[in-house]
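Inside the fold
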Amino acid sequence: MPDWLYLGGVFLLAGLVKGVLGLGLPTVAMGLLGAVLPPAQAAGLLLLPSLVTNLWQLLAGPGWVGLLRRLGWMMLAILLGTAAGAGLLAGGDAALARRLLGAALLAYAALGLRRLPWRVSPRAERWLGPVVGGVTGVVTGATGVFVIPAVPYLAALGLPRDLLVQALGLSFTVSTLALGLGLAWHGALPGLLLGQSLLALAPALAGMALGGWLRQRIPPERFRIVFFLGLAVLGAELLLR
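Rules used in this analysis
Per chain, residues are indexed from 1 in the order of the written sequence. Per-residue local features of the predicted model are confined to residues with pLDDT of at least 70, and side-chain atom pairs are confined, for both listing and counting, to 80 or more; whole-chain, interface and lining totals are unaffected and use all residues. Hydrogens and waters are ignored; side-chain quantities use all the structure's heavy atoms. Angular values range over 0 to 180 degrees, each being the angle between N-to-C directions of two axes fitted as lines to C-alpha atoms, with helices fitted over their stretch in contact. Each helix is a run of DSSP H or I of at least 4 residues and each strand a run of E of at least 2, with the numbering of both proceeding from the N terminus. Roughly parallel here means an angle under 35 degrees, roughly antiparallel means over 145, roughly perpendicular means 65 to 115, and every remaining angle is called oblique. Note: crossing handedness is left-handed where the near helix turns anticlockwise from the far helix by less than a right angle, and right-handed where it turns clockwise. Two residues qualify as a contact provided that any one of their heavy atoms is within 4.5 Å of a heavy atom in the partner residue. For this classification, the nonpolar set comprises Ala, Val, Leu, Ile, Met, Phe, Trp, Tyr, Cys and Pro, the charged set comprises Asp, Glu, Lys and Arg, and every other residue, Gly included, is treated as polar. Expected helix span is computed as 1.5 Å times (number of residues minus one). We call a residue buried when its accessible area falls under 20% of the maximum for its residue type, exposed when it is over 50%, and partly exposed in between, using a 1.4 Å probe and counting protein chains only.

1. Details of the packing of helix H1 (residues 4–21) against helix H3 (residues 39–59)
When two helices pack together, their arrangement is given by the angle between their axes and by how far apart the axes lie. Here H1 crosses H3 at 25°, and the two axes come no closer than 12 Å. Classed by the angle they form, the pair H1 and H3 counts as roughly parallel. Our pair here, H1 against H3, has a crossing hand that is right-handed. Facing H1, whose interface residues are Leu-7, Phe-11 and Lys-18, H3 presents Leu-45, Leu-46, Pro-49, Thr-53, Asn-54 and Gln-57. Split by residue class, the contact of H1 with H3 holds five nonpolar, three polar and one charged.

As structure tokens, then:
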């Protein structure tokens, strides 16, 4: 276990990124913690900070009930996919899990930098949502990162900005709960780790508040580019290690 100064810095930075961009806490935390810890342990540490901040994001507006109805099959597929993939993260092959994590970070960075202008039609949404949910769940279970391909898919639905933020919060909340259940099922979530995750909540919330303050003072587009370039470097380091 790295020292708590390092862990506090990781969650402060991860919360700051989420405060500015509305996403990125588990991605940053998994990337930095996965460089020094077994990925299953890193995923366990981020569970409570991720769950609390994403519930906050989900419940901040009035549209979450309608989103749950619309995206319900996708959320169910995330649960099932995470259960199927969690054995890879909890199975003890840290080298494989780190390589998978590195690949997921690189893919996320590439999509974030490209900003592909695609849209999902209502007809395609009926069948594509569960497919995207299942793939997202498998990636979540295998790497602890739950943004691929859920984030670009949700962005392609054409939701208003506030509803998109809530949809991301819904997807991340379900993914966090599913990941916690998957790790617990495979015996990779001891009570001590949950206690340490609770301690990580304070710097994550402080970082999120700081990120909200910074969002009003720096161009979000500039921060977004730096964020995704940093993820690409981190992903490449984990993949090639």
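2. As for unusual backbone geometry
Trans peptide bonds make up most of the peptide bonds, and negative phi angles are found at most residues other than glycine. Of note, the bond from Ile-148 into Pro-149 is cis; its omega dihedral lies within 30 degrees of zero at -5°. Note on placement: Pro-149 falls in the loop between helix H7 (122–143) and helix H8 (150–155).

3. Remarks on H1
With 18 residues, H1 ought to run about 26 Å at 1.5 Å a step, and its terminal C-alpha atoms sit 25 Å apart, in line with that. Residues of H1 that are buried: Leu-7, Val-10, Phe-11, Ala-14, Gly-15, Leu-16, Val-17, Lys-18, Gly-19 and Val-20. The positive-phi residue at the C-terminal boundary of H1 is Gly-22, with phi of around 85°.

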